[in-house]
Amino acid sequence: MCSSVRNDFWEDREIDAALAPLARRFPRQADLILDIRESLRGRRQPGACVRCFFQLVEKGATAEALGALRDWLERHIEVVAHGVENPGAAKESKRELEKLPLLLESAESMADYCRSLMECFHYDRVYMLPRVEMEFRYAAAERVELVAPPLR
């Protein structure tokens, strides 16, 4: 077996499959849905995608209606914690501490989600650093696919 790298993991059809049912069900939220689509297609602003998800929740989208989008976001976006060693200095030094999965199902708003992340770090972690920052980031942009060797 050998492996090859797939670069098609951001195909429009996968993104559209998650967004099309929302667009049909919530036509008044077309701007939000288009914002998510553009960000996802260009792999830009993962935090904005999460924010738009919660704006759809606030506009009345049900968990069932958001299921495909939520699944897609949870597969492709992660939360990364960085430790900041010299906060406020001219040259701050950051290092990645850990990656957490994006888990949107139990949160009702962006504020609730971020608050639960901060509480998790406050109560469940011990980092001896002056500051810890978190950011949303797209997960690895390539997947490895196993391919059978050619028959001789």
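Residues numbered from 1 in each chain as written. Predicted model: local features only at pLDDT ≥ 70, side-chain atom pairs only at ≥ 80, totals over all residues. Heavy atoms only, no water.

Membership of the largest hydrophobic core comes to 35 residues, with the highest contact counts inside it found for Leu22, Leu56, Leu69, Leu73, Leu102 and Tyr113. Put simply, the parts of the chain that give this core at least two residues each are α1 (12–25), α2 (30–41), α3 (46–58), α4 (63–76), β2 (77–84), β3 (94–101), α5 (110–124) and β4 (131–138). A per-element tally of this core places α3 first, with six residues. Apart from residues no more than four positions distant in its own chain, leucine 69 is found in contact with Ala18, Leu19, Leu22, Ile36, Phe53 and Leu56. (Core = buried A, V, L, I, M, F, W, Y, C linked by side-chain atoms within 4.5 Å. Buried < 20%, exposed > 50% of the residue type's maximum accessible area, 1.4 Å probe, protein only. Helix = DSSP H or I, 4+ residues; strand = E, 2+ residues; numbered from the N terminus. Contact = heavy atoms within 4.5 Å.)

With that out of the way, let us pick up the sheet that holds β2. The sheet built from three strands is open, its strands ordered β3-β2-β4 with antiparallel pairing. Of all the strands in the sheet, the pair left with one neighbour each is β3 and β4. The sheet shows a mean angle of 30° between the axes of neighbouring strands, taken without regard to direction. Both β2 and β4 contribute to a ladder of eight bridges, which runs antiparallel. By the bridge assignment, alanine 81 is partnered in β4 with methionine 134. (Pairing = 2+ DSSP bridges. Axes fitted to C-alpha atoms, helices over the stretch in contact; angles between N-to-C directions.)

Among the eight residues in β2, eight count as buried, and that is most of the element. Pairing analysis gives seven bridges linking β2 to β3, with the strands arranged antiparallel. Each residue of the ladder has a partner; that of valine 79, found in β3, is leucine 100.

If you trace the backbone, histidine 82 turns up in strand β2. Within polar-contact distance, the side chain of histidine 82 engages the side chain of glutamate 135 at 2.8 Å. If sequence neighbours within four positions are ignored, histidine 82 has contacts with Arg95, Glu96, Leu97, Arg131, Val132, Glu133 and Glu135. (Polar contact = N/O pair within 3.5 Å; in protein donor to acceptor, adjacent residues only side chain to side chain.)

This part covers the packing of α2 against α3. Between two packed helices, both the angle of their axes relative to each other and the distance between the axes serve to describe the pair. One can describe the packing of α2 onto α3 by two numbers: an axis separation of 9 Å at closest approach and a directional angle of 160°. Between α2 and α3, the crossing angle belongs to the class labelled roughly antiparallel. Where α2 crosses over α3, the handedness of that crossing is left-handed. The residues of α3 that touch α2, namely those facing Leu32, Ile33, Asp35, Ile36, Ser39 and Leu40, are Cys49, Cys52, Phe53, Gln55 and Leu56. Looking at the contact of α2 with α3 residue by residue, the classes come out as eight nonpolar, two polar and one charged. (Parallel < 35°, antiparallel > 145°, perpendicular 65-115°, else oblique. Left-handed = near helix turned anticlockwise from the far one by under 90°. Nonpolar A, V, L, I, M, F, W, Y, C, P; charged D, E, K, R; others polar.)

A few words now on the pattern of salt bridges. Two side chains with opposite charge may pair up if their charged atoms get near one another. Per the counting criterion, the structure on display carries 13 salt bridges. Between arginine 131 and glutamate 133 there is a salt bridge, and its shortest N-O distance comes to 2.7 Å. Judged by its relative accessible area of 22%, glutamate 133 is partly exposed. Through salt bridges that share partners, Asp12, Glu38 and Arg41 make up one connected network. (Salt bridge = Lys/Arg side-chain N within 4 Å of Asp/Glu carboxyl O.)

You can see glutamate 14 is positioned in helix α1. Its relative accessible area of 22% is what places glutamate 14 among the partly exposed residues. For the pair glutamate 14 and tryptophan 72, spaced 58 residues apart in the sequence, the C-alpha separation amounts to 8.5 Å.

On to unusual backbone geometry. The backbone phi angle of arginine 43 is positive, close to 50°, even though this residue is not glycine. As for its position among the elements, arginine 43 is in the loop between α2 and α3. With a phi close to 45°, glutamine 45 is a non-glycine residue in the positive phi region. The topology assignment puts glutamine 45 in the loop between α2 and α3. Judged by relative accessible area, which is 52%, glutamine 45 ranks as exposed.

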